[in-house]
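# Results of the structural survey
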Amino acid sequence: MDHSCDILIIGAGPAGLHAARAASRSTRRPSILLVDENPSIGGQIWRRGAPAWAGRLLAGANACSISYLSSTTVLQRLGPRAVLASTLTPSGRGPIAARITFDTVILATGARELFLPFPGWTLPGVVGAGGAQALVKSGLDVTGKRMVVAGSGPLLLAVAGFLRSRGALVAAIAEQAPPAAIRRFALSLAGYPTKAFQGLMLRARLASVPYWTGAWPIRATGTDRIERVTIRRGDRDVEIPCDLLACGFGLVPSIHLAAVMGCEIRDGRVVTDDLLTTTAPHVLCAGEANGIGGVECAAIEGEMAGLAAAGMIDPARRLLPARARARRFAALLDSAFAPRSELSSLASPDTILCRCEDVTTGEVKPYTTWREAKIHARCGMGSCQGRVCGPIARYLFGLDPGDARPPAAPVDVAFLAAADPGAIPGESPLSE
Amino acid sequence: MPGQVTVIINNEPVRVESGSTVAAALWSRGVRGTRASVLGHPRAAVCGMGTCYECRVVINGVAHERSCMVECRDGMMVRTTPPASAGCEHDNLPPRLPPA
Ligand SMILES: Cc1cc2nc3c(=O)[nH]c(=O)nc-3n(C[C@H](O)[C@H](O)[C@H](O)COP(=O)(O)OP(=O)(O)OC[C@H]3O[C@@H](n4cnc5c(N)ncnc54)[C@H](O)[C@@H]3O)c2cc1C
């Protein structure tokens, strides 16, 4: 199945949707193709709840040529202006190959959660904080389920509030950041119009869920699923029985596709210029792949990238101050919720670090580079391609999982062979 | 109210609200492992967004499908891997179907 467009947007979260809307307003009437590997639009924050304008946009409200491909994972570059994706047929069969050619591509691949290992973290029922929210939004029924929310960041409060609204019994929220850091952060919010965090704190308090700061999980136990979690709170360890532990220590940019497309990655983020052009030709990047910034920042960057891709450079430039302000807010978040050093000693030598290949923390420890850990210990060699264990290895041992090789998601050789790259006129064949 | 669909999980019919992902259907009768890790330990969904690959199952004969990224459809055949069967996920599953 082949597609071609003027502007390809990969990722239908806030950044990608804003990019599509901004580009669709261009008098040049570019043809726009939006793709996402999820079944529906919205990305993380708007999962199953994208604003009404997004639905109208994709229905053709702006009288431009815009189409959306769901359940479509972009895998790699096929040439300067083409990518290979795996997708489904309209009846839901697949995966089948799709080749997409474009003039400009906007990467809006967002972020994923940072997980940190502790004994028992691989038990079924230990899920991400945002992960729990995503699963529930996708149909998981948590009515009457006893849950503990742990890790770090304002997301914990949003998630706890959401889980309660869906009938879960949230026993406690354990935030690892120290109370002083949280207080400082809450005060610094005075300078920002969106006092989302204070609002969330209030909501959590009203909802009578205990919010413990300076508290973190040290152990999950159970036979073949989680039954209890132990939370360290100051000099006390509290054991809480639970059905699910929702635990995430913040977010990390999703840069795999950008790396595979040839964009420079620095400090775990995609490198761009002011107007969001990456170091790879014809590739822009917007939203959390450029660094964690929250939904407002993702929306502004999406709009900038959409305008820039459609040739509206001045309007894009006018958004620079708003973007700078949103990024400053993100920096505040970053420093308030930075993981504390105690978290790096939670895993014992026999705690699994790489879940795909069952590599323990002790097995990774001897290596001084990510490459060595991969070759000798098989860390990061499994299906997730280091998406989970890469940031852990960086946090625990300072290894830099900089490299990502095509394809950006695992597909088998038969799929790649059948994709027949030679069929695209004027494009180079599959590299590597 | 959205309708319901029936998926077949390990030969057992399971009814879920339409629009639910396979990952949600798998836990609709309680949290449990849905694949065996390389060492045979039970594993199940973690990230809920397609990055961790822990929720992989066999869907309509296609191995290694991320259950959190696939919406249930009527009659869909889902197969999980029991724990303590180390190596099985690499050796015994049918290969991925070639593209149509
Ligand atoms: C699990 C989770 C839950 C979150 N919940 C909240 C919340 O409740 N409140 C809040 O304020 N913030 C939340 N956040 C933070 C959130 O990431 C941002 O606020 C916002 O969603 C970022 O927008 P974005 O457009 O940059 O990326 P995202 O919304 O993450 O969208 C990126 C999209 O790109 C798609 N994608 C990635 N790679 C590919 C590929 N190779 N091919 C095709 N598609 C691809 C993904 O499927 C995704 O839909 C959450 C983050 C995570 C990880």
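For clarity, every value in this text was computed on a predicted model and none was experimentally measured.

### Re the overall build of chain A
Helix and strand counts for chain A stand at 14 helices and 23 strands. Expressed along its principal axes, the backbone C-alpha trace of chain A runs to roughly 65 × 50 × 40 Å. Evaluated residue by residue, chain A yields a buried proportion of 58% over its 432 residues. Long-range contacts, defined here as pairs at least 24 residues apart, represent 66% of the contacts in chain A between residues at least 6 apart. For chain A, the accessible area works out to roughly 17100 Å², and carbon and sulfur atoms hold 53% of it. Considering chain A, the positive charge centre built from 45 side chains and the negative charge centre built from 36 side chains are found 7 Å apart.

### With respect to the pairing of strand β4 (residues 66-69) of chain A
Residue and element names in this part refer to chain A. Two strands pair when backbone bridges link them, and strand β3 (residues 32-35) and β4 are joined in this way by four bridges, in the parallel orientation. Its bridge partner lying in β4, Leu-34 is registered against Tyr-68. Traced from β3 through helix α2 (residues 52-58) to β4, the parallel crossover comes out right-handed.

### Concerning the site of the ligand
Surrounding the ligand, one finds 30 residues, the nearest of these being A:Ala15, A:Asp36, A:Gln44, A:Gln133 and A:Glu288. More than a single chain frames the ligand: its nearby residues are located in chains A and B. Between the ligand and A:Pro14 there is a distance of 3.2 Å, counted from an oxygen atom to a backbone nitrogen or oxygen. Take A:Gln133: an N or O atom from its side chain is 3.0 Å from an oxygen atom of the ligand.

### Focus on the interface of chain B and chain A
Taken residue by residue, the interface counts 35 residues in chain B and 51 residues in chain A. For the pair chain B and chain A, the summed buried area comes to about 3500 Å², and 59% of that belongs to carbon and sulfur atoms. The interface formed by chain B and chain A holds four salt bridges in total. The salt bridge partner of B:Glu54 is A:Arg355, with a shortest N-O separation of 2.5 Å. Applying the counting rule to chain B against chain A returns 12 residue pairs in polar contact (both at pLDDT 80 or more). Elements that contribute at least two residues to the side of chain B that touches chain A include exactly α1 (22-26), β4 (42-43) and β6 (62-66) of chain B.

### A word on the packing of aromatic side chains
Residue and element names in this part refer to chain A. On inspection of all chains with the given rule, the structure shows three aromatic pairs over all chains. Measuring from ring centre to ring centre gives 6.5 Å for Phe-185 and Phe-329, while their planes differ by 45 degrees; the resulting arrangement is tilted. Placement of Phe-185 in helix α5 (residues 179-188) and of Phe-329 in helix α10 (residues 320-336) is noted, with a sequence separation of 144 residues between them. In this structure an aromatic cluster arises from ring pairing among Phe-185, Phe-329 and Phe-337. Between the NZ or CZ atom of Arg-21 and the centre of the ring of Trp-53, over which it lies, the distance is 3.9 Å. If you follow Lys-137 out to its NZ or CZ, it ends over the ring of Phe-162, 5.6 Å from the centre.

### Concerning helix α13 (residues 389-397) of chain A
Of all the residues in α13(A), the buried ones are A:Cys389, A:Gly390, A:Pro391, A:Ile392, A:Ala393 and A:Leu396. Each element contacted by the buried residues of α13(A) is listed here: β9 (111-113), β18 (251-253), β22 (352-354), α11 (361-364) and α12 (370-377) of chain A.

### Looking at the sheet that holds strand β5 (residues 56-59) of chain B
Residues and elements named next belong to chain B. Spatially, the five strands line up as an open sheet ordered β2-β1-β7-β5-β6, and their pairing is mixed. Across the chains shown, the open sheet's two edge strands, defined by having one partner strand only, are β2 (12-17) and β6. Recorded for the sheet is a direction-independent mean angle of 40 degrees between the axes of neighbouring strands. As paired elements, strand β1 (residues 4-9) and β2 share six bridges and run antiparallel to each other. Directly across from Ile-9, in β2, lies its bridge partner Glu-12.

How each quantity is defined
Residues numbered from 1 in each chain as written. Chains lettered and ligands numbered in written order. Predicted model: local features only at pLDDT ≥ 70, side-chain atom pairs only at ≥ 80, totals over all residues. Heavy atoms only, no water. Helix = DSSP H or I, 4+ residues; strand = E, 2+ residues; numbered from the N terminus. Buried < 20%, exposed > 50% of the residue type's maximum accessible area, 1.4 Å probe, protein only. Contact = heavy atoms within 4.5 Å. Areas by Shrake-Rupley, 256 points an atom, 1.4 Å probe, with all protein chains shown as cover. Lys, Arg positive; Asp, Glu negative; His and termini not counted. Charge placed at Lys NZ, Arg CZ, Asp CG, Glu CD. Pairing = 2+ DSSP bridges. Right-handed = clockwise from strand over helix to strand, strands pointing away. Near = heavy atom within 4 Å. Polar contact = N/O pair within 3.5 Å; in protein donor to acceptor, adjacent residues only side chain to side chain. Buried area = accessible area lost by both parts, 1.4 Å probe. Salt bridge = Lys/Arg side-chain N within 4 Å of Asp/Glu carboxyl O. Phe/Tyr/Trp six-rings, centres within 6.5 Å; stacked < 30°, edge-to-face > 60°. Lys NZ or Arg CZ within 6 Å of the ring centre and 35° of its normal. Axes fitted to C-alpha atoms, helices over the stretch in contact; angles between N-to-C directions.

Everything listed is a geometric property; what it means functionally is a separate question.
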